[in-house]
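This is what each chain is made of:
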Amino acid sequence: AQSVTQLGSHVSVSEGALVLLRCNYSSSVPPYLFWYVQYPNQGLQLLLKYTSAATLVKGINGFEAEFKKSETSFHLTKPSAHMSDAAEYFCAVSEGTGGFKTIFGAGTRLFVKA
Amino acid sequence: EAQVTQNPRYLITVTGKKLTVTCSQNMNHEYMSWYRQDPGLGLRQIYYSMNVEVTDKGDVPEGYKVSRKEKRNFPLILESPSPNQTSLYFCASSRRSGQGTDEQYFGPGTRLTVT
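What you are looking at is a predicted structure, and each value in this text was computed from that prediction instead of being measured.

Peer 1: Give me the lowdown on the pattern of salt bridges, citing residues and values where you can.
Peer 2: All names here are of chain B. Enumeration according to the criterion identifies 8 salt bridges over all chains in this entry. Where aspartate 38 meets arginine 36, a salt bridge forms, and the shortest distance between an N and an O atom there is 2.9 Å. Exposure class is identical for aspartate 38 and arginine 36. Each is buried. When the shortest N-O distance is used, the salt bridge between arginine 44 and aspartate 38 registers 2.8 Å. Residue classification places arginine 44 among the partly exposed positions, given a relative accessible area of 26%.

Structural data, given as structure tokens:
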């Protein structure tokens, strides 16, 4: 069964600094990998998704993620943090192999300091 | 506007009193799902549905029921709520993909408190 690990429940960066949020999935390659963002008191919205078409995926708000099969990773990055990026971020994988579950990581809360 | 709606948004109830949280989507999506969100645990899938009359258990189905009689609606039923079901609940929908679940569209959430 698929599993997702997000390293770091809280990450704090200064405005303008690099944002790096880590996500590792279990060994079997899932058909889809996702990053979702949750702003306070809101539902989740999609940032970006990997569908095997390209290993570097660009999403909304300047975020991107790179799929690395050898490292079973799908880390999320943004070159320059903005105050409005403060939110909780979730990595998720689609179960695949005929299954239709979605497995979410525990989430990483991003704090952006002025 | 494409959206997933949930009602109610907030609910406080007592142990054992049956309740239903409704979910509706207007995107003609085949796939719908319910999640609960708890601090430090992320989102955990309760039930999902691949299409009308087709449902399956997620990772935490105990204490919950669902039904999918119409494509647009997927209500979550708690027959006898208990305090450990106090949580934030999200409904989501997506297109069905042959390879797995595609990106999901989430409702605004229902905060449930069971005393």
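Peer 1: I'd like a description of the pairing of strand 7 (residues 64-68) of chain A, backed by residues and values.
Peer 2: Sheet faces and side chains relate simply in a regular strand, where the side chains alternate between the two faces. Residue and element names in this part refer to chain A. Burial of strand 7 is one-sided: the residues Ala65 and Phe67 facing one way are buried, the residues Glu64, Glu66 and Lys68 facing the other way are not. As defined by bridge partners, strand 6 (residues 56-58) adjoins strand 7 across 3 bridges and the pair is classed as antiparallel. Within strand 7, the residue paired with lysine 58 across the bridge is glutamate 64. Where strand 7 hands over to strand 8 (residues 73-78), the hairpin turn is made up of 4 residues, of which threonine 72 adopts a positive phi near 45°.

Peer 1: Got a sec to walk through the interface of chain A and chain B? Specific residues and values, please.
Peer 2: Contacts between the two partners involve 23 residues from chain A and, on the opposite side, 28 residues from chain B. Together, the buried faces of chain A and chain B total about 1,900 Å²; carbon and sulfur atoms form 50% of this surface. Our enumeration of links across chain A and chain B arrives at 2 salt bridges. Glutamate 103 of chain B is the salt-bridge partner of lysine 49 of chain A, the closest N and O atoms lying 3.3 Å from each other. For the pair chain A and chain B, the interface holds 6 residue pairs in polar contact (both at pLDDT 80 or more). When contributions to the side of chain A that touches chain B are tallied by element, the ones reaching two or more residues are strand 4 (33-38), strand 5 (44-50), strand 9 (87-96) and strand 10 (99-104) of chain A. Among the elements that make up the side of chain A that touches chain B, the one with the highest residue count is strand 10 of chain A (5 residues).

Peer 1: Residues and numbers for the side chain of serine 33 of chain B, please.
Peer 2: Residues and elements named next belong to chain B. Along the chain, serine 33 turns up in strand 4 (residues 31-38). A relative accessible area of 0% means that serine 33 is categorised as buried. In terms of polar contacts, serine 33 uses its side chain to reach the backbone carbonyl oxygen of tyrosine 47, at 3.3 Å. Filtering out sequence-adjacent residues up to four positions away, serine 33 remains in contact with Gln45, Tyr47, Tyr48, Phe74, Phe90, Cys91, Ala92 and Gln104.

Peer 1: Outline the sheet that holds strand 1 (residues 4-7) of chain A, listing residues and values.
Peer 2: All names here are of chain A. Spatial ordering of the open sheet is given by 1-3-8-7-6, a layout of 5 strands whose pairing is antiparallel. Edge positions in the sheet fall to strand 1 and strand 6, since each of these pairs with one other strand and no more. Adjacent strand axes in the sheet meet at a mean angle of 20°, parallel and antiparallel pairs treated alike. By the bridge criterion, 5 bridges tie strand 7 to strand 8 in an arrangement that is antiparallel. If you follow phenylalanine 67 over to strand 8, its bridge partner there is phenylalanine 74.

Peer 1: Describe in detail the side chain of aspartate 85 of chain A, supporting the description with residues and values.
Peer 2: Residue and element names in this part refer to chain A. Mapped onto the fold, aspartate 85 is located in the loop between strand 8 and strand 9. A polar atom in the side chain of aspartate 85 sits 2.9 Å from the side chain of lysine 78. Among all residues touching aspartate 85, those that are not within four sequence positions of it are Phe63, Lys78, Ser80, Leu110 and Val112.

Peer 1: Now, about the nonpolar core: what can you tell me, with residues and values included?
Peer 2: Residues Trp35, Phe74, Leu76 and Tyr89 of chain A are the most contacted members of the largest nonpolar core, which totals 28 residues. Broken down by secondary-structure element, the contributors of at least two residues to this core are strand 2 (10-14), strand 3 (19-25), strand 4, strand 5, strand 7, strand 8, strand 9 and strand 11 (108-113) of chain A. In this structure, Met27, Trp34, Tyr89 and Cys91 of chain B belong to the second largest nonpolar core, which totals 19 residues.

Peer 1: Lay out unusual backbone geometry with the relevant residues and their values.
Peer 2: Across the chain, the bulk of peptide bonds are trans and the bulk of non-glycine residues have phi less than zero. Geometrically, the link from asparagine 7 of chain B to proline 8 of chain B is a cis peptide bond, its omega value of -5° lying close to zero. In the Ramachandran plot, asparagine 41 of chain A falls in the positive-phi region, its phi being about 60° despite a non-glycine side chain. When you line up the elements, asparagine 41 of chain A lands in the loop between strand 4 and strand 5. At threonine 72 of chain A, a position not held by glycine, the phi torsion is positive, near 45°. Residue position: threonine 72 of chain A is located in the loop between strand 7 and strand 8.

Thresholds, definitions, all that
- The numbers attached to residues start from 1 for each chain and follow its sequence in the written order.
- Labels follow written order: the first chain is A, the first ligand is 1, and so on.
- Two thresholds apply to this predicted model, a pLDDT of at least 70 for residue-level local features and 80 or more for giving and counting side-chain atom pairs, whereas whole-chain, interface and lining totals are computed over all residues.
- Hydrogens are left out, water is left out, and the side-chain values use all remaining heavy atoms of the structure.
- The term salt bridge refers to a pairing of a side-chain nitrogen on Lys or Arg with a carboxyl oxygen on Asp or Glu at a separation within 4 Å.
- The buried label applies to any residue whose accessible area, calculated with a 1.4 Å probe on protein chains only, is under 20% of its type's maximum; exposed applies above 50%, and partly exposed to all values in between.
- Helix and strand assignments follow DSSP, with helices taken as H or I runs no shorter than four residues and strands as E runs no shorter than two, numbered in order from the N terminus.
- Any two strands with at least two DSSP-identified bridges between them are counted as paired.
- In what follows, a contact means two residues having at least one pair of non-hydrogen atoms within 4.5 Å.
- Simply put, the buried area is the total loss of 1.4 Å probe accessible area from both parts when two parts are fitted together.
- Think of a polar contact as two N or O atoms within 3.5 Å of one another; within protein, one of them needs to be a possible hydrogen donor and the other a possible acceptor, and neighboring residues in sequence only count if both atoms come from side chains.
- Fitted lines through C-alpha atoms give the axes, limited to the stretch in contact for helices. The angle between two N-to-C directions lies from 0 to 180 degrees.
- Definition used in this section: a nonpolar core is a set of buried Ala, Val, Leu, Ile, Met, Phe, Trp, Tyr and Cys residues joined via side-chain atoms within 4.5 Å.

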